[in-house]
Protein chains: 2
Amino acid sequence: MAATDSAQQLREAILERFDELSPRLQQIGRYILDDPNSAGVETLAVISDRTGAPPSAIVRFAQTFGFNGAASMQRLLKDQLLAARPESGYHRRAREFLEGAEDTPLPGPVDLLAEFAGASALALEHLLQSVDHDRFEECVAMLREAETVHVAGFRRSFPVAAYLAYSLQRGGKRAILVDGIGGMAGLQANRIGKGDLLVGISFSPYADEMVSLAEHVAQAGTPIAIITDSPVGPVAKPANCLLQVRDTEVRGFRTLSGSMCLVQALAISYAFELTKISA
Amino acid sequence: MAATDSAQQLREAILERFDELSPRLQQIGRYILDDPNSAGVETLAVISDRTGAPPSAIVRFAQTFGFNGAASMQRLLKDQLLAARPESGYHRRAREFLEGAEDTPLPGPVDLLAEFAGASALALEHLLQSVDHDRFEECVAMLREAETVHVAGFRRSFPVAAYLAYSLQRGGKRAILVDGIGGMAGLQANRIGKGDLLVGISFSPYADEMVSLAEHVAQAGTPIAIITDSPVGPVAKPANCLLQVRDTEVRGFRTLSGSMCLVQALAISYAFELTKISA
DNA sequence: GGCTATATGGAATATGTGTTCCATTAACCG
DNA sequence: CGGTTAATGGAACACATATTCCATATAGCC
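Residues numbered from 1 in each chain as written. Chains lettered and ligands numbered in written order. Predicted model: local features only at pLDDT ≥ 70, side-chain atom pairs only at ≥ 80, totals over all residues. Heavy atoms only, no water.

1. Examining the overall build of chain A
Scanning chain A for helices and strands turns up 13 helices and seven strands. Sorting the 279 residues of chain A into buried and exposed places 54% on the buried side. Sequence-distant contacts, at least 24 apart, represent 69% of the contacts inside chain A between residues at least 6 apart. Of the accessible surface of chain A, which amounts to about 12,500 Å², a share of 49% is contributed by carbon and sulfur atoms. (Helix = DSSP H or I, 4+ residues; strand = E, 2+ residues; numbered from the N terminus. Buried < 20%, exposed > 50% of the residue type's maximum accessible area, 1.4 Å probe, protein only. Contact = heavy atoms within 4.5 Å. Areas by Shrake-Rupley, 256 points an atom, 1.4 Å probe, with all protein chains shown as cover.)

2. Focus on empty space enclosed by the protein
All names here are of chain B. The full count for this structure, using the stated rule, is six cavities of 30 Å³ or more. Computed from the structure, the largest cavity encloses a volume of approximately 80 Å³. If you go around the largest cavity, you meet 13 residues; those closest to its centre are A123, H126, L127, S130 and R246. Considering every element that reaches the lining of the largest cavity, the biggest residue donor is helix 8 (residues 109–130), with five residues. Partitioned by chemical class, the residues of the lining of the largest cavity number seven nonpolar, four polar and two charged. (1 Å grid on protein atoms, 1.4 Å probe; cavity = no way out; pocket = protein on both sides within 12 Å on 5 of 7 lines; lining within 4 Å. Points joined across faces, edges and corners; volume = space filled by probe spheres on them. Nonpolar A, V, L, I, M, F, W, Y, C, P; charged D, E, K, R; others polar.)

3. Side note on the layout of surface pockets
By volume, the second largest pocket amounts to about 1,000 Å³. Lining the second largest pocket are 35 residues, with A:Q8, A:R11, B:S130, B:D132 and B:Q244 positioned closest to its centre. Only helix 1 (7–17), helix 2 (23–34), helix 3 (36–41) and helix 6 (70–83) of chain A together with helix 6 (70–82), helix 8 and strand 5 (241–244) of chain B provide two or more residues apiece to the lining of the second largest pocket. It is helix 1 of chain A that contributes the most residues to the lining of the second largest pocket, six residues altogether. The class makeup of the residues in the lining of the second largest pocket is 18 nonpolar, eight polar and nine charged.

4. Examining the protein's contact with DNA strand D
In the neighbourhood of DNA strand D, 17 residues make up the surrounding shell, with A:S22, A:R24, B:L44, B:Q63 and B:A70 lying closest. Here DNA strand D approaches the protein such that, of its atoms within 4 Å, sugar and phosphate make up 65%. In this structure, a phosphate oxygen belonging to DNA strand D sits 2.9 Å away from a side-chain N or O atom of B:Q63. B:A70 is positioned with one of its backbone polar atoms (N or O) 2.7 Å from a phosphate oxygen of DNA strand D. Of all the elements in the fold, those that place two or more residues in the surface near DNA strand D are helix 2 and helix 5 (55–64) of chain A together with helix 4 (44–51), helix 5 (55–64) and helix 6 of chain B. In terms of residues, the surface near DNA strand D owes the most to one element, helix 5 of chain B, which gives four residues. Looking at side-chain class alone, the surface near DNA strand D contains eight nonpolar, seven polar and two charged residues. (Near = heavy atom within 4 Å. Polar contact = N/O pair within 3.5 Å; in protein donor to acceptor, adjacent residues only side chain to side chain.)

5. Focus: the interface of chain B and chain A
Contact with chain B, which involves 65 residues of that partner, is made by 66 residues of chain A. Across the chain B/chain A interface, buried area totals approximately 6,200 Å², and carbon plus sulfur atoms make up 73% of it. In this assembly, chain B and chain A are joined by three salt bridges. Elements with a minimum of two residues in the side of chain B that touches chain A: helix 3 (36–41), helix 6, helix 8, helix 9 (133–145), helix 10 (158–170), strand 7 (253–254) and helix 13 (257–278) of chain B. Along the lines of polarity and charge, the residues of the side of chain B that touches chain A split into 37 nonpolar, 14 polar and 14 charged. (Buried area = accessible area lost by both parts, 1.4 Å probe. Salt bridge = Lys/Arg side-chain N within 4 Å of Asp/Glu carboxyl O.)

6. Let's talk about unusual backbone geometry
Geometrically, the link from A:S204 to A:P205 is a cis peptide bond, its omega value of -5 degrees lying close to zero. Among the structural elements, A:P205 can be located in the loop between strand 3 (197–201) and helix 12 (208–219).

7. So, the confidence of the model for chain A
Residue-level pLDDT values for chain A average 85, and 85% of them are 70 or greater. Every residue in residues 86–91 of chain A is under pLDDT 50, and counting partners more than four places away or in other chains gives eight contacts. (pLDDT = per-residue confidence, 0-100.)

8. Here we look at the packing of helix 8 (residues 109–130) of chain A against helix 8 of chain B
Where helix 8 of chain A meets helix 8 of chain B, the axes come as close as 9 Å, and the angle between the chain directions of the two elements is 165 degrees. Considering the angle they form, helix 8 of chain A stands roughly antiparallel to helix 8 of chain B. Once helix 8 of chain A is placed against helix 8 of chain B, the crossing between them reads as left-handed. Mapping the contact onto sequence places A:V110, A:L113, A:A114, A:A117, A:S120, A:A121, A:L124, A:L127 and A:L128 in helix 8 of chain A and B:L113, B:A114, B:A117, B:S120, B:A121, B:L124, B:L127 and B:L128 in helix 8 of chain B. (Axes fitted to C-alpha atoms, helices over the stretch in contact; angles between N-to-C directions. Parallel < 35°, antiparallel > 145°, perpendicular 65-115°, else oblique. Left-handed = near helix turned anticlockwise from the far one by under 90°.)

9. Let's talk about the sheet that holds strand 1 (residues 149–153) of chain A
The strands that make up a sheet pair up through hydrogen bonds in the backbone, lying either parallel or antiparallel. Residues and elements named next belong to chain A. Pairing within the open sheet is parallel, and its five strands lie in the order 2-1-3-4-5. With one partner strand each, in any of the chains shown, strand 2 (175–178) and strand 5 (241–244) form the two edges of the open sheet. Averaged over neighbouring strand pairs, the angle between their axes works out to 15 degrees when direction is ignored. In terms of strand pairing, strand 1 meets strand 2 through four bridges, oriented parallel. Residue pairing in the sheet places A152 in a bridge with V178 of strand 2. Packed on one face of the sheet, helix 9 (residues 133–145) meets strand 1, strand 3, strand 4 (224–228) and strand 5 and runs near 130 degrees to strand 5. (Pairing = 2+ DSSP bridges.)

10. A word on a negative patch on the surface
Taken together, the side chains of A:D132, A:D134, A:E137 and B:D111 define an acidic patch exposed on the protein surface. As for its position among the elements, B:D111 is in helix 8. (Patch = residues over 30% accessible without salt bridge, like charges linked within 9 Å, V, L, I, M, F, W, Y side chains within 5 Å. Lys, Arg positive; Asp, Glu negative; His and termini not counted. Charge placed at Lys NZ, Arg CZ, Asp CG, Glu CD.)

11. Some details on the protein's contact with DNA strand C
In the vicinity of DNA strand C lie 17 residues, with A:L44, A:Q63, A:A70, B:S22 and B:R24 positioned nearest. By atom count, sugar and phosphate contribute 68% of the portion of DNA strand C lying within 4 Å of the protein. The contact in question runs from a phosphate oxygen of DNA strand C to an N or O atom on the side chain of A:T43, over 3.1 Å. A:A71 is positioned such that a nitrogen or oxygen atom in its backbone is 3.3 Å from a phosphate oxygen of DNA strand C. Mapped onto the surface near DNA strand C, the elements with two or more residues apiece are helix 4 (44–51), helix 5 and helix 6 of chain A together with helix 2 (23–34) and helix 5 of chain B. Per element, the largest residue contribution to the surface near DNA strand C is four residues, and it comes from helix 5 of chain A. Each residue belonging to the surface near DNA strand C can be placed in one class, and the counts come to eight nonpolar, seven polar and two charged.

12. Looking at the pattern of salt bridges
Across all of its chains, the model carries 14 salt bridges over all chains by this definition. Between A:E145 and A:R144 there is a salt bridge whose closest N-O contact spans 3.9 Å. Residue classification places A:E145 among the exposed residues on the basis of a relative accessible area of 62%. For A:R144, a relative accessible area of 34% translates into the label partly exposed. Via salt bridges that share partners, A:E42, A:R50 and B:K78 belong to a single interconnected network.

13. Comments concerning the packing of aromatic side chains
Residue and element names in this part refer to chain B. Applying the stated criterion to the full structure yields five aromatic pairs over all chains. Measuring from centroid to centroid gives 4.8 Å for F61 and F65, while their planes differ by 40 degrees, and the two rings are tilted. Take F61 and F65: they sit in the same class, and that class is buried. Here the aromatic rings of Y163 and Y166 are separated by 6.2 Å at their centres, their planes lie at 35 degrees, and the arrangement is tilted. Of the two residues, Y163 and Y166 both sit in helix 10, three residues apart, roughly one turn of that helix. (Phe/Tyr/Trp six-rings, centres within 6.5 Å; stacked < 30°, edge-to-face > 60°.)

Listed below in structure tokens is the structure:
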């Protein structure tokens, strides 16, 4: 078997011969295709852990593809990793964007991707500073004490709400996504009980559904946590706890990175408190 | 010993104390500042060769900055390079324990938020390099040519799909979110026409709905674009265009930052091509 | 120039790594 | 159902690596 001499060739070889590989070797091949960087740098024990395949199988895999051992294969992948980034593309593009480079009249798709990545990273950078730490912990406490958590978000905020509901469920919390499908937001709202919690996510321009939902729930005396961009917005008033997030904007499209990151952290914090108590 | 816990902090620490370091240690510090990637991955012997400093000096350098040894420092730099999966969970804990780690006893909510923000930012930083540029542009072209775009994603991928559908609509594209509510994914699939496009988003463990949906649509001859984490996963086969994304992981919870950013960029790129043509 | 304190390199060591080999298991086919 | 082949996991091994330790060199100071 002729030894592979470039990382790209190796990838292609694995793809080509993938079907005829044994299950174990497929397992290892999949890992290398999915994450060639880790595969090239991590120790065999770590790879073994992540793939579930014993070290000897990894060596066998490498030999199957013409290498002397796993070490040779890793050298290939490692070189590829190091060669690929001499302070490359991203930083330059991101910087150009942040400096307000108007000199690129026709940004291609990849440029836009770079812009967006830069803007998102920027949003995350400011997230820690803009979010009130005490409020954040307070919000986690509210999650903990709630019987059931109802999560609501419309239009642009809907994906964020969906993810929060999903994550809370995965963390063992009873969570319901108020999606308002078929105009049933009102009906769903009526099912929010006294010991429950409503988490509302809404940004300017605020969806009417969210505003009325929050006011309605507030009148029932149910606790409300709100994630929004302004403490004086219409959805902020009924909130018992308010988390302020400021997302960045690119060419008229606002990022979701900040909000997404925030709700992810919320869900994880909740899940983590459980394990801390049980431990 | 005040242990550094992020690569950026280490860089700053080296810069700050640089002048008061001994010549040899400066030599090593310079190398780490110049090429942190190699410094994190290469063996001590190699670094020794390149810097001219003996291995023991490298160890001493690491200890000067609060690490137990060179290995700990390299782990930090390596994680920065790989971005995803900062040597997750079990192994790191075990090692920290064996090394007598006194830190990270119990991370509070704010710590988790910080961790998450950091991990997400890193994921974004590496997104450009991990995404195949040609494929990305190809995918935008497919969006442009499609009559109607159907977006599908289940479980964890649902928020991503929801946002892509929303963004495309805002960008003037006829887009439909295949949400499978009430088990109607099958019915919705039948409405996907020949000139349409299916964008499927799915990550391991792959939802059965997505796999069968993709296969079903592929048989009808409809073009398919897939956003996933593995080129050999079950959803990858029917794809005409495949975008590979590797999301970061924090304490067992995977981030959505990479995928979200990618679909946002997709939608914007599409919208932008329209304005370019009309301009 | 002697003395002290610090810096340094290299040999010895201990730990961890990749690799080999073989017993065992599973799959396949007659 | 027996026999053959391929696949697999794990223990033993050999190797390389990071680390420690100490003898030596260097610089600073009285």
